[in-house]
Every structure is written in structure tokens, then in C-alpha cells.
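Structure at a glance
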Amino acid sequence: MALRSPEFLENPENRCPVVLLLDVSASMEGEPIQALNEGLATFKFDVEQDTIASLRVEVAIVTFGEQVKLLQNFVTIDEFTAPVLQAAGRTPLGEALQLGIAALEDRKKSYQEAAIGYYRPWMFLITDGAPTDGDTWKQAKEQIHDMVSRHKLSFFTIGVEGADQEILSALAPKEFPPIWLKDLQFSELFKWLSASVRRVSVGKLGSEMMKLPASEGWVCP
């Protein structure tokens, strides 16, 4: 018999894990970080409008700037409080990818040990720069591409103005080409993300490839 922790005893719903890898380097200071904070609050509000999704969608946040930090470990949206991020430091993107993958793998083990079903995880990388921690991103890239090819992960790269297009294009799996954000429209991005995961999380396990909402308006052509 599976041993369940209190969180899974209280809420035995299937889970839809979402990992947000957020660039909070100095170049995001000012309007970009403010728009990102507003987007996170929008995500929380929108997913909560669906009672089932609020119990199934889990979010973890890894920030990278002065340091790489698991700012928020996995919690369901009904337990999630949108953080107020501040920008400083460089862009250790590779280390952030590695931490995000490790956090996700740990969470999947928790699901398996508790016999909790889960949908294909989502991982979002949002950045406006280029890695400052050497080629560590290349190691993470191999893991990510392998997971995507085995249908174990949906991975999205979101480039804000100033992002290194060559690196993000190399990092993005062919199944999920990089997305270039238009005019700091983070709220629109997170509305799309919330609509997508709400749609997935109320479906049947294994139905993750259902048609997702259109991404018009906030994506650069």
C-alpha cells in the first residue's frame, strides 16, 4: 500500500506540475520585472477560477540572478502565493535548468511513492539575456531534449527582448520552437499558460496533446 503524506491525503487529485524558470538578472530591472510579477499574479488568479484545476495544477519557481534559487517548491495553485520578484545579478541559466530538472524529478518520485497520477510536466524558461555560467546549459539541454522526445516533458523557451536568440533556438526542442515575447506582455503569456494547463488538468491522463489555446497577440511574428 502506498504511503501518502498529509498533502496527498487531503488532496488525492491527479497533478499537473509546472516549473517556471525565471530570469531575475539585473537587465530585468524596472518595467520587465514589474510586468513579470503582474503575470505571475494573473496566473494564480486565472487557474483558481477552475475548482478542479486549482487542486491539480502545481507550480514550482526557480529564479536565477544573483543566485539560483528554488524560490517556491511545488504547491497547488490554491496554496500558491505569487511572489514579488526583484532583479539583480547575472544570468546563471544553465544552473537554473539543472535545478529545475532536479526539483521536477524529486516531485515525480513523491507522486509515484504516493500512487498519485500526474500529467506530463510543463517547464517554462523566461529570459532576456544569455547564460553567464559557461556551457552548463548544454548538459541540461541534452536531458531536456531526451525527456521531450520520450513525451516526459513539455518545454517552452520564452525570449524577452535582449535574449540570445541563437542559444534559445539551440536549447528549444524541435517540438517546441522558441517563443519571442512581444512588448513585455507577460500577463497575456500567463493567461495563455493558465488556459492551457486548465484545459490539460481537467482532461484524462494521457490526453496532454489536446489542442492548446491560440497564442496570438503576445508573440512576436
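Here's what I pulled together on the structure shown here. Note that the coordinates shown come from a computational prediction; the quantities given were computed from them, not determined experimentally. (Residues numbered from 1 in each chain as written. Predicted model: local features only at pLDDT ≥ 70, side-chain atom pairs only at ≥ 80, totals over all residues. Heavy atoms only, no water.)

For helix α4 (residues 93-113), with 21 residues, the first-to-last C-alpha span of 31 Å sits near the 30 Å given by 1.5 Å per residue. All of the buried residues in α4 are L93, G94, A96, L97, G100, I101, A103, L104, R107, K108 and Y111. Positive phi shows up at A115, right after α4, with a value of about 55°. (Helix = DSSP H or I, 4+ residues; strand = E, 2+ residues; numbered from the N terminus. Expected span 1.5 Å × (residues − 1). Buried < 20%, exposed > 50% of the residue type's maximum accessible area, 1.4 Å probe, protein only.)

The buried fraction of strand β5 (residues 154-159) is high, at six of six residues. Two strands pair when backbone bridges link them, and strand β4 (residues 122-127) and β5 are joined in this way by six bridges, in the parallel orientation. Within β5, the residue paired with W122 across the bridge is S154. Tracing the backbone out of β4, into helix α5 (residues 136-149) and back to the parallel element β5 gives a crossover that is right-handed. Relative to strand β6 (residues 179-180), β5 is paired through two bridges, and the arrangement is parallel. Note on β6: the bridge partner recorded for G159 is W180. Note that the unit made of β5, helix α6 (residues 165-171) and β6 has a crossover that is right-handed. (Pairing = 2+ DSSP bridges. Right-handed = clockwise from strand over helix to strand, strands pointing away.)

Moving on to the nonpolar core. Within the largest apolar cluster, 64 residues are counted, with the highest numbers of intra-cluster contacts made by L20, L97, W122, F186 and F190. No other element matches helix α7 (residues 186-201), which puts seven residues into this core. (Core = buried A, V, L, I, M, F, W, Y, C linked by side-chain atoms within 4.5 Å.)

What follows is about the sheet that holds β6. Backbone-to-backbone hydrogen bonds pair the strands of a sheet. The strands run either parallel or antiparallel. Spatial strand order, β3-β2-β1-β4-β5-β6: six strands in an open sheet with mixed pairing. Whereas interior strands pair on both sides, the edge strands pair on one side only; in this sheet they are β3 (68-76) and β6. Packed onto the sheet, α7 meets β1 (16-23), β2 (57-64), β4 and β5 and runs at close to 175° relative to β4. (Contact = heavy atoms within 4.5 Å. Axes fitted to C-alpha atoms, helices over the stretch in contact; angles between N-to-C directions.)

Running from N to C, α4 and α5 cross one another at 35°; their axes reach a closest spacing of 7 Å. Considering the relative orientation of α4 and α5, their crossing is left-handed. Residues L93, G94, E95, L97, Q98, I101, L104, E105 and K108 of α4 lie in contact with α5, whose contacting residues are T136, W137, Q139, A140, Q143, I144 and M147. When grouped by side-chain class, the residues that make up the contact of α4 with α5 number eight nonpolar, five polar and three charged. (Left-handed = near helix turned anticlockwise from the far one by under 90°. Nonpolar A, V, L, I, M, F, W, Y, C, P; charged D, E, K, R; others polar.)

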